[in-house]
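# Structural description and commentary
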Amino acid sequence: MKKIKFILSAAVLILLTSCAGKVATEPENEFSDSKPKPTKLTGWNDAEVAEYAKFFNKLCREAGYTGFWWDCNDLINRKELSCRQQIVDAIMSQYPAEDFTYTKTTAGFVEEDAATAVHNMKTGWNLGNTLDATSYDWKKEGTDEIGWILQWGEKRDGKVTTKAFETAWGMPVTTREMIHYVKECGFNAVRIPCTWAEHIDENNQIDAEWMARVHQVVDYVIDEGMYCILNTHHDGWVCASENMYNKYSKRFETVWTQIAQEFKDYDERLIFASMNEVTDEKDSWNPPASTFKYINMWNQLFINTIRAQGGNHAKRNLVISPRGCSGSDRDMQILDQVTDPAENHLIIEVHNYTPQGFCFNNATWTTMTAKWRPMQHEYDIRNDFNMYARWQKRINRPVIIGEYAAFPKKYEDYD
């Protein structure tokens, strides 16, 4: 979901379970002045969000990008297996079926360059606030303090269950039926944000039960014939600084080695992504230039670690990202220095929540609105895409927008 980290948390934790948009007008009083009263909108702004989604996906298709809607039960209600149909229809209207007929027909791993994979993914969906739910704080490592999920979560035989983590941020346990419903809605790729920090022991070994659960959810996606992107998400020990890289790079390498070994036989539809919205130790969104090289170092370590596993991983498509998953020229100016021994198998991930006053539910630094204003908002989003096009021409690697969304809200709460 794109942004500032504390903003992301505020946005993704808003759970909107209604699936019906409603727009009504105030009845006119027959004794009122002849001058018409301004129309007062009430109910959910689904129609406005649909216009946003339609325009955003139009730009994605024109540019050849795949966009992944960040979802925490507000677009697709996982509990009821229902959706905000008007918004889903607006997304899918930009992808004629005859242009996206990808199906997996060949058994085993088939080498597929990154650009082809991005095209085949069509449009994607995020399993948000689920396997990425965490109570981890890297600043408390080495102390007696533990996260609230570890402290209070449901336990079995004295051990916190995978369910306790998966549902800690208000989402239901993921089922095969849920992922099938996502496919029926028209999505052809699922991004699985996953946080590993509280599932790693002192030797950096991933808990077997957690790995098995992640594996199971990945299988739900792959079994539906969809592409699946698996990442390290809220692992706050991955920071862009010399201190944090020196301290935790071995952990990063060990974790990704285990993930790669777990999924070594999976075909090209499984894609790994290095990290999510990494900043410096101060969570600064305007860090000194000296920290930028460590973004490159984390990405390079990720690539080297996966490629070293050989087999399918030698040619598997991988996703790397700039600082904070920002698509700014400043953040992208060094990412082209990352190298990969596998030619044409790297994808660049950025996030986009423009315009933030419309997309987020509670952005205190801007003017909030539930209304889609095409002249202003389309201009702002198109500027972002023009910026992506500039640096993409230089880097010459395909792009996914790993998170985008406008979270539905009620007119009366904002305008």
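Structure first, text after, so check above.
Definitions and limits used
Residues numbered from 1 in each chain as written. Predicted model: local features only at pLDDT ≥ 70, side-chain atom pairs only at ≥ 80, totals over all residues. Heavy atoms only, no water. Helix = DSSP H or I, 4+ residues; strand = E, 2+ residues; numbered from the N terminus. Rg over C-alpha atoms; globule rule 2.2 N^0.38 Å. Buried < 20%, exposed > 50% of the residue type's maximum accessible area, 1.4 Å probe, protein only. Areas by Shrake-Rupley, 256 points an atom, 1.4 Å probe, with all protein chains shown as cover. Lys, Arg positive; Asp, Glu negative; His and termini not counted. Charge placed at Lys NZ, Arg CZ, Asp CG, Glu CD. Pairing = 2+ DSSP bridges. Axes fitted to C-alpha atoms, helices over the stretch in contact; angles between N-to-C directions. Contact = heavy atoms within 4.5 Å. Disulfide = S-S within 2.5 Å. Expected span 1.5 Å × (residues − 1). Salt bridge = Lys/Arg side-chain N within 4 Å of Asp/Glu carboxyl O. Polar contact = N/O pair within 3.5 Å; in protein donor to acceptor, adjacent residues only side chain to side chain. Core = buried A, V, L, I, M, F, W, Y, C linked by side-chain atoms within 4.5 Å. Phe/Tyr/Trp six-rings, centres within 6.5 Å; stacked < 30°, edge-to-face > 60°. Lys NZ or Arg CZ within 6 Å of the ring centre and 35° of its normal.

## Remarks on the overall build of the protein chain
When helices and strands are counted, the protein chain shows 13 helices and twelve strands. Taking 2.2 N^0.38 as the reference for a compact globule, 415 residues should give roughly 22 Å; the C-alpha atoms of the protein chain span a radius of gyration of 22 Å, in line with that estimate. Judged by the C-alpha coordinates and their principal axes, the protein chain covers about 75 × 50 × 45 Å. Out of the 415 residues in the protein chain, the part that is buried amounts to 57%. If you sum the accessible surface of the protein chain, you get close to 17,700 Å²; carbon and sulfur atoms cover 48% of it. Side chains of the protein chain give 46 positive and 59 negative charges; the mean places of these two sets differ by 2 Å.

## Side note on the sheet that holds strand S4 (residues 124-127)
Read around the barrel, eight strands follow the order S1-S4-S7-S8-S9-S10-S11-S12 and close on themselves; strand pairing throughout is parallel. On average, each strand axis in the sheet is tilted by 25 degrees relative to the strand beside it, whichever way the strands run. Here four bridges tie strand S8 (residues 227-231) to strand S9 (residues 270-273), and the two strands are oriented parallel to one another. If you follow Leu 230 over to S9, its bridge partner there is Phe 272. Sheet strands touched by helix H10 (residues 292-307): S9, strand S10 (318-320) and strand S11 (346-351). Its angle to S10, the strand with the most contacts, is close to 170 degrees.

## Here we look at the state of the cysteines
Here is the idea: a disulfide is a covalent bond, and it sits between the sulfur atoms of two cysteines. Tallied over the full model, the rule gives zero disulfides. Cys 72 forms no disulfide, and the closest cysteine sulfur to it belongs to Cys 359, at a distance of 14 Å. A relative accessible area of 1% places Cys 72 in the buried class. The cysteine Cys 185 is free of any disulfide, with Cys 83 supplying the nearest cysteine sulfur at 4.4 Å. Residue Cys 185 is classed as buried on the basis of its relative accessible area, which comes to 11%.

## A word on the pairing of S9
On a regular strand, one side chain projects to one face of the sheet and the next to the other, so that they alternate. Side chains of S9 alternate between two faces, with Leu 270 and Phe 272 and Ile 271 and Ala 273 buried alike. Relative to S10, S9 runs parallel, the two sharing two bridges. Note on S10: the bridge partner recorded for Phe 272 is Leu 318.

## Looking at helix H2 (residues 46-63)
Along its 18 residues, H2 runs 25 Å from first to last C-alpha, staying within 8% of the 26 Å computed at 1.5 Å per residue. Residues Asp 46, Glu 48, Val 49, Ala 50, Tyr 52, Ala 53, Phe 55, Phe 56, Asn 57, Leu 59 and Cys 60 constitute the buried set of H2. In this fold, the buried residues of H2 make contact with strand S1 (66-71), helix H3 (85-92), helix H12 (356-359), helix H13 (374-395) and strand S12 (399-404). Gly 64 occupies a position one or two residues after H2 and carries a positive phi of about 80 degrees.

## Structural notes on the pairing of strand S7 (residues 189-192)
Residues Ala 189 and Arg 191 of S7 are buried on one face, and the alternating residues Val 190 and Ile 192, pointing to the opposite face, are buried as well. Relative to S7, S4 runs parallel, the two sharing three bridges. Within S7, the position partnered with Asn 126 by the bridge is Arg 191. Sheet topology places S7 next to S8; four bridges connect them, and they run parallel. Residue pairing for S8: Arg 191 is matched across the bridge by Ile 229.

## Regarding the side chain of Glu 198
Relative to the elements of secondary structure, Glu 198 occurs in the loop between S7 and helix H8 (208-223). Despite being buried, Glu 198 has no salt bridge partner; Lys 140 is the closest side chain of opposite charge, sitting 9.6 Å away. A polar side-chain atom of Glu 198 sits 3.4 Å from the main-chain amide nitrogen of Tyr 136.

## Structural notes on the nonpolar core
Among the nonpolar cores identified, the biggest contains 107 residues, and Tyr 52, Trp 196 and Phe 272 are the most heavily contacted of them. Excluding anything up to four places from it in sequence, Phe 272 contacts Leu 230, Trp 256, Ile 259, Ala 260, Phe 263, Phe 302, Ile 306, His 313, Arg 316, Asn 317, Leu 318 and Val 319. If you look at the next biggest cluster of nonpolar residues, it comprises 13 residues, including Ile 229, Ile 271, Ala 273 and Ile 400.

## So, the side chain of Glu 224
One can find Glu 224 in the loop between H8 and S8. At 5.0 Å, Lys 183 is the nearest oppositely charged side chain to Glu 224, a buried residue that forms no salt bridge. Apart from the residues within four sequence positions on either side, Glu 224 is in contact with Ile 179, His 180 and Lys 183.

## Points about the pattern of salt bridges
Counted by the stated rule, this structure contains 19 salt bridges. With a shortest N-O distance of 2.8 Å, Asp 46 and Arg 84 are connected by a salt bridge. You can see Asp 46 sitting in helix H2 and its partner Arg 84 sitting in the loop between strand S3 (82-83) and H3, a full 38 residues away along the chain. Accessibility classification places Asp 46 together with Arg 84 in one group, the buried group. When the shortest N-O distance is used, the salt bridge between Glu 209 and Lys 159 registers 3.6 Å. Of the two residues, Glu 209 is situated in helix H8 and Lys 159 in strand S6 (residues 159-160); the sequence distance between them amounts to 50 residues. Judged by its relative accessible area of 42%, Glu 209 is partly exposed. Accessibility expressed as a relative area gives 32% for Lys 159, which makes it partly exposed.

## A short note on the packing of aromatic side chains
One pass over the structure, following the stated rule, counts 28 aromatic pairs. Here the aromatic rings of Tyr 245 and Tyr 294 are separated by 6.4 Å at their centres, their planes lie at 45 degrees, and the arrangement is tilted. Taken together, the positions of Tyr 245 in helix H9 (residues 242-262) and Tyr 294 in helix H10 put the pair 49 residues apart, joining distant regions of the chain. By relative accessible area, which is 13% here, Tyr 245 ends up buried. Aromatic ring contacts, followed pair by pair, group Tyr 52, Phe 56, Tyr 65, Trp 69, Phe 358, Trp 372, Phe 385, Tyr 388, Trp 391 and Tyr 404 into a single cluster. The positively charged end of Arg 316 is found above the aromatic ring belonging to Phe 272, 5.6 Å away from the centroid. Residue placement shows Lys 409 over the ring face of Tyr 414; its charged tip is 5.6 Å from the ring centre.

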